[in-house]
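A closer look at the structure
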Amino acid sequence: MTFWKDAGFSYLKYVQVASRALRSVLKDEAKIQALKREETVLKVSRWANGKQGELKFVDPKNQH
Amino acid sequence: MFSTAASAKAVSFLAGPLSTQTAGMATLKEIQIRRRSVQNIGKITKSMKMIASTKVPKAQKIMESARVYGAASNGLFQHAQTDFADSKKPLVIAISSDRGLCGGIHSSVSKAMKADLRKNPESTVVVLGQKVKIQLSREYRDNIALHFEQVAKTIPTWDETAAIADIILEKAKEEGVDSAKIFYNKFKTIIAFETTSIPTFTLEALEASPKLSTYEYDDGVLANFAQFAFANTLYWAVAEGNASEMAAKRTAMENATKNAGEVIAKLTLTFNRTRQAAITNELIDIIVGASAM
């Protein structure tokens, strides 16, 4: 049950991977609707000592 | 000599009052240019208002469904009576966006954050959205640990919020955070929003809940649930913030269009008065010139 936990995934990452898998196997009509929910252009920047870090794209496919 | 003067005036009269210049008063041309530019601005703000009003119901629908998620996971915390102990390492999260022209949305969140940071100057800060990041980074640069941009670019999705929640949780573990608060704009009505904060609980706080024993659960489920509840609460806050933003943008654009209309009315009056004054002056010149003959 916790194979993903042993592999170092958090619950949220596990859920994200599982949802991607589910969306990719849906039938055409439902798939189009579902893929809209997958679209993201999120960017994150880690700060240190009051300095803004580089803005990096959060790639949903890159899980680690 | 007078006749040539009179005919010269007659020619200039034929050229029209647009070419007349009166020292000290704006020329008709300037007023006309200004009026036209304000009219264009009015058209732009009107169309922006239309766009925002079509986005509001959609944003509201997403917010309603997000509320269900948030209320469900927070229901457990209420029943188990989870509570904060005194927090030594608090985390505060600000929900805003990158988009401007939406009224007082972003400044409202910044103000609430600053008030909290004055009480707890050691808090770690996470900001969603460029606008609040810019405002907070003036005074509280050293507190900011993370900031996100392009959040909810089209619509808020649980998937994206879960990714954000995951990054925040990782950072929170690094910093040894023991409590978290989310500042967001709660959607009250289409013309009113309220900046509030909502607490989220760590796994430790959940495990220490007094009434937790009334629940039956397997090992490891609590840890998963704590993460899931955090993602839900974050999603709820982002969805409400998004709905408040669309409504505030609609109101701001409506006010801008109304103001533009008022400026146009005022300028039109000034234009007509100036035009009539110019014609009157021309007439006086001609009549005086003619009567002198």
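Our subject is the structure listed above.
In this report, we go over the structure that sits alongside the text. All values reported here derive from a predicted model rather than from experimental measurement.

Within chain A, the secondary structure is distributed over three helices and two strands. Sequence-ordered secondary structure for chain A, helices as α and strands as β, is α-α-α-β-β. Relative to a compact globule of 64 residues, whose C-alpha radius of gyration would be 11 Å, chain A shows 15 Å and is clearly more extended. Across its three principal directions, the C-alpha atoms of chain A cover 50 × 30 × 15 Å. Of all 64 residues assigned to chain A, the portion counted as buried reaches 31%. In chain A, 18% of the contacts between residues at least 6 apart in sequence involve partners at least 24 apart. Looking at chain A as shown, the accessible area adds up to about 4,600 Å², and 57% of this sits on carbon and sulfur atoms. Looking at chain A, you have 13 positive and 7 negative side-chain charges, and the mean spots of the two groups are 5 Å apart.

Counting its secondary structure elements, chain B contains seven helices and five strands. Starting at the N terminus, the α and β elements of chain B follow one another as α-α-β-α-β-α-β-α-β-β-α-α. Here the C-alpha atoms of chain B give a radius of gyration of 31 Å, more than 25% beyond the 19 Å that 2.2 N^0.38 yields for 293 residues. In terms of overall dimensions, chain B has C-alpha extents of about 110 × 35 × 25 Å along its principal axes. Of all 293 residues assigned to chain B, the portion counted as buried reaches 43%.

Of the volumes computed, that of the largest pocket is approximately 690 Å³. If you trace the largest pocket, you find 26 residues lining it, with Leu169(B), Glu170(B), Ala172(B), Lys173(B) and Gln227(B) closest to the centre. Only helix H2 (11-24) of chain A together with helix H5 (158-175), helix H6 (203-207) and helix H7 (221-291) of chain B provide two or more residues apiece to the lining of the largest pocket. Element by element, the count of residues in the lining of the largest pocket is highest for H5(B), at six residues. Of the residues assigned to the lining of the largest pocket, the class counts are 13 nonpolar, seven polar and six charged. Approximately 580 Å³ is the volume attributed to the second largest pocket. Lining the second largest pocket are 21 residues, with Gln33(A), Ala34(A), Lys36(A), Arg37(A) and Thr157(B) positioned closest to its centre. Of all the secondary-structure elements, those providing two or more residues to the lining of the second largest pocket are H2 and helix H3 (28-36) of chain A together with helix H2 (28-80) and H5 of chain B. Counting residues per element, the lining of the second largest pocket draws most heavily on H2(A), which supplies five residues. In terms of residue class, the lining of the second largest pocket is built from nine nonpolar, five polar and seven charged.

Quick look at the interface of chain B and chain A now. Chain B puts 32 residues into the contact, and the matching count from chain A is 25 residues. Of the roughly 2,500 Å² buried at the junction of chain B and chain A (both faces included), carbon and sulfur atoms supply 55%. Area buried by chain B at its contact with chain A is led by His147(B), Asp159(B) and Asn224(B), which between them contribute 22% of it. Inspection of the chain B/chain A interface yields three salt bridges. Scanning the region where chain B abuts chain A turns up 14 residue pairs in polar contact (both at pLDDT 80 or more). Ranked by residue count, the leading element in the side of chain B that touches chain A is H5(B), at twelve residues. Across the side of chain B that touches chain A, the residue classes tally to 15 nonpolar, seven polar and ten charged.

What follows covers the nonpolar core. Within the largest apolar cluster, 46 residues are counted, with the highest numbers of intra-cluster contacts made by Ile93(B), Ile95(B), Leu128(B), Phe148(B) and Ile168(B). Every element with two or more residues in this core is listed here: H2 of chain A together with H2, strand S1 (90-95), strand S2 (124-128), strand S3 (144-149), H5, strand S4 (179-189) and H7 of chain B. It is H7(B) that contributes the most residues to this core, eleven residues altogether. Once residues within four sequence positions are removed from consideration, Phe148(B) is found in contact with Leu42(A), Lys43(A), Val44(A), Val126(B), Val127(B), Leu128(B), Gly129(B), Gln130(B), Ile164(B), Ile167(B) and Ile168(B). Listed in part, the 13 residues of the second largest apolar core include Val92(B), Val109(B), Val125(B) and Leu136(B).

Now for the packing of aromatic side chains. Overall, the coordinates contain eight aromatic pairs over all chains when judged by the stated rule. Plain terms: the ring middles of Trp4(A) and Tyr11(A) are 6.0 Å apart, the flat faces sit at 55 degrees to each other, and that makes the pair tilted.

Right, let's get into the pairing of S1(B). Residues and elements named next belong to chain B. Counting buried positions along S1 gives six out of six residues, so the element sits mostly inside the fold. Taking every second residue as pointing to the same face, both faces of S1 are buried, with Pro90, Val92 and Ala94 on one and Leu91, Ile93 and Ile95 on the other. With five bridges joining them, S1 and S4 adopt parallel strand pairing. Opposite Val92, over in S4, you have Lys181 as the bridge partner. The pairing of S1 with S2 spans five bridges and is classified as parallel.

What follows deals with the pattern of salt bridges. Any two side chains of opposite charge can pair, on the condition that their charged atoms come close. Throughout the structure, instances matching the rule amount to 13 salt bridges over all chains. Here Lys13(A) and Asp166(B) are joined by a salt bridge, their closest N and O atoms 2.9 Å apart. Highlighted residues: Lys13(A) in helix H2 and Asp166(B) in helix H5, drawn from two different chains. For Lys13(A), a relative accessible area of 13% gives the class buried. Across the salt bridge formed by Arg99(B) and Glu245(B), the nearest N and O atoms sit 2.8 Å from each other.

Definitions and limits used
- Residues numbered from 1 in each chain as written.
- Chains lettered and ligands numbered in written order.
- Predicted model: local features only at pLDDT ≥ 70, side-chain atom pairs only at ≥ 80, totals over all residues.
- Heavy atoms only, no water.
- Helix = DSSP H or I, 4+ residues; strand = E, 2+ residues; numbered from the N terminus.
- Rg over C-alpha atoms; globule rule 2.2 N^0.38 Å.
- Buried < 20%, exposed > 50% of the residue type's maximum accessible area, 1.4 Å probe, protein only.
- Contact = heavy atoms within 4.5 Å.
- Areas by Shrake-Rupley, 256 points an atom, 1.4 Å probe, with all protein chains shown as cover.
- Lys, Arg positive; Asp, Glu negative; His and termini not counted.
- Charge placed at Lys NZ, Arg CZ, Asp CG, Glu CD.
- 1 Å grid on protein atoms, 1.4 Å probe; cavity = no way out; pocket = protein on both sides within 12 Å on 5 of 7 lines; lining within 4 Å.
- Points joined across faces, edges and corners; volume = space filled by probe spheres on them.
- Nonpolar A, V, L, I, M, F, W, Y, C, P; charged D, E, K, R; others polar.
- Buried area = accessible area lost by both parts, 1.4 Å probe.
- Salt bridge = Lys/Arg side-chain N within 4 Å of Asp/Glu carboxyl O.
- Polar contact = N/O pair within 3.5 Å; in protein donor to acceptor, adjacent residues only side chain to side chain.
- Core = buried A, V, L, I, M, F, W, Y, C linked by side-chain atoms within 4.5 Å.
- Phe/Tyr/Trp six-rings, centres within 6.5 Å; stacked < 30°, edge-to-face > 60°.
- Pairing = 2+ DSSP bridges.

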